Amino acid sequence: HSKEKEEWQRQVESTQNKPKKLQILTEQIGLHQPYLEKLNVPIPYALGQSKLPAYVHKPIDLFYRFIPKELFADIAEHTNKYAFKERPQEFDQNQREWIDVTATDIGGYIGALLLISV
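Residues numbered from 1 in each chain as written. Predicted model: local features only at pLDDT ≥ 70, side-chain atom pairs only at ≥ 80, totals over all residues. Heavy atoms only, no water.

As recorded by an unreviewed UniProt entry, the chain carries the name PiggyBac transposable element-derived protein domain-containing protein and is attributed to Endocarpon pusillum.

Trainee: Just to check I follow, could you spell out the overall build of the chain for this structure?
Mentor: When helices and strands are counted, the chain shows five helices and zero strands. Tracing the chain from N to C terminus, the helices and strands come up as α-α-α-α-α. Here the chain, with 118 residues, has 9% of them falling under the buried criterion. In the chain, of all internal contacts separated by at least 6 residues, the share reaching a separation of at least 24 is 44%. With an accessible surface of roughly 10,700 Å², the chain has 58% of that area assigned to carbon and sulfur atoms. (Helix = DSSP H or I, 4+ residues; strand = E, 2+ residues; numbered from the N terminus. Buried < 20%, exposed > 50% of the residue type's maximum accessible area, 1.4 Å probe, protein only. Contact = heavy atoms within 4.5 Å. Areas by Shrake-Rupley, 256 points an atom, 1.4 Å probe, with all protein chains shown as cover.)

Trainee: Looking at this model, I keep getting lost on the pattern of salt bridges. Mind explaining?
Mentor: All chains considered together, the criterion is met by three salt bridges. The closest approach of N and O atoms between Lys5 and Glu13, which form a salt bridge, is 2.7 Å. Given the relative accessible area of 41%, Lys5 is considered partly exposed. Residue classification places Glu13 among the partly exposed residues on the basis of a relative accessible area of 48%. The residue Lys81 makes a salt bridge to Glu77 at a minimum N-O spacing of 3.2 Å. Of this pair, Lys81 and Glu77 both sit in helix H4 (residues 69–86), four residues apart, which is roughly one turn of that helix. On the basis of relative accessibility, which here comes to 49%, the residue Lys81 falls in the partly exposed class. (Salt bridge = Lys/Arg side-chain N within 4 Å of Asp/Glu carboxyl O.)

Trainee: I keep staring at the side chain of Thr15 and nothing clicks. Help me out?
Mentor: By the secondary structure assignment, Thr15 is in the loop between helix H1 (7–14) and helix H2 (18–29). From its side chain, Thr15 meets the backbone nitrogen of Asn17 in a polar contact 3.2 Å long. Excluding its chain neighbours within four sequence positions, the residues that come into contact with Thr15 are Lys20 and Lys21. (Polar contact = N/O pair within 3.5 Å; in protein donor to acceptor, adjacent residues only side chain to side chain.)

Trainee: In this structure, what is going on with the confidence of the model for the chain? I would like to understand it.
Mentor: Regions with low pLDDT should not have their predicted coordinates read in detail. Summary statistics for the chain give a mean pLDDT of 78 and a share of 69% for residues scoring 70 or more. Helix H3 (residues 59–66) is the least confidently modelled element of the chain, averaging 79 in pLDDT, while helix H5 (residues 103–115) averages 91, the highest of any element. (pLDDT = per-residue confidence, 0-100.)

This is the structure we're talking about:
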């Protein structure tokens, strides 16, 4: 299904100036909202020793230091918005009805990708 491009899409495609492209995209997307907890990754002070608290020594805890759990909810929200916008509202026999994904679904999907080393 072909759709006409919006004005901002044409502007992005027509310019070769990267800062201008980023400005157009930023205006379209809007300002990002920072996450409440800032990333604080301590630097090890000696070989084999770390200033990390004991609770951060598990791999999942370290993962959440880099990718906060709140990000999964954002990804799920935008996935559902995109699906609503792009999928037809009437289904034929070969399609299934869209079921909104949750933050837990997104976390499971990313976890599966990590497990298979993608």
